[in-house]
Amino acid sequence: QVQLVESGGGLVQPGGSLKLSCAASGTVFSIDVMDWYRQAPGKQRELVASIAASGATNYAASVKGRFTISRDNYKDTVYLQMDSLKPEDSGVYFCNVQYYTGDVHWGQGTQVTVSS
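Residues numbered from 1 in each chain as written. Predicted model: local features only at pLDDT ≥ 70, side-chain atom pairs only at ≥ 80, totals over all residues. Heavy atoms only, no water.

Describing the state of the cysteines
- All chains considered together, the criterion is met by one disulfide.
- Put simply, Cys22 and Cys95 are joined by a disulfide, and their sulfur atoms are 2.0 Å apart. Every disulfide takes its handedness from the sign of the S-S torsion; for Cys22 and Cys95 that torsion is 40°, giving right-handed. Of this pair, Cys22 sits in strand β3 (residues 18–25) while Cys95 sits in strand β9 (residues 91–99), and the two are 73 residues apart along the sequence. Summarising the burial analysis for this pair, Cys22 and Cys95 share the class buried. (Disulfide = S-S within 2.5 Å. Helix = DSSP H or I, 4+ residues; strand = E, 2+ residues; numbered from the N terminus. Buried < 20%, exposed > 50% of the residue type's maximum accessible area, 1.4 Å probe, protein only.)

Written as structure tokens, this is what we have:
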């Protein structure tokens, strides 16, 4: 059974940094795409950043230049380095993992709050 364990959320002041991690386990199958989504209260879940197995990345316009997504294929782990954080970055951040088998799994979510 696939498990995704997220960590790294918390409270940070505007302009600060956080690094999120999401580790996948429980299967021998390889991962294709790993994503980070976020959801603010009253808003739809939105894609923040995506990274393919090749290392190719994609970012939402609102975070480009401030956030960096990376992955460790040996550890089946995806990271999101968030710098120059703004209050509008607050929300619950979810990792999403897509396997080559077609299976898709979500993490449980980790809260990020940017506030002074």
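Examining the side chain of Thr77
- Mapped onto the fold, Thr77 is located in strand β8 (residues 77–82).
- Within the structure, the side chain of Thr77 is placed 2.9 Å from the backbone oxygen of Lys75, a separation counted as a polar contact.
- Here Thr77 is in contact with Cys22, Ala23, Met34, Ser70, Arg71 and Asp72, once residues within four sequence places are set aside. (Polar contact = N/O pair within 3.5 Å; in protein donor to acceptor, adjacent residues only side chain to side chain. Contact = heavy atoms within 4.5 Å.)

Some remarks on the sheet that holds strand β7 (residues 67–72)
- If you trace the four strands from one edge of the open sheet to the other, you get β1-β3-β8-β7, paired in antiparallel fashion. Of all the strands in the sheet, just β1 (3–7) and β7 have a single pairing partner and so form its edges. Direction aside, the axes of adjacent strands within the sheet are offset by 15° on average.
- By the bridge criterion, six bridges tie β3 to β8 in an arrangement that is antiparallel. Looking across to β8, one finds that Leu20 is bridged to Leu80. (Pairing = 2+ DSSP bridges. Axes fitted to C-alpha atoms, helices over the stretch in contact; angles between N-to-C directions.)

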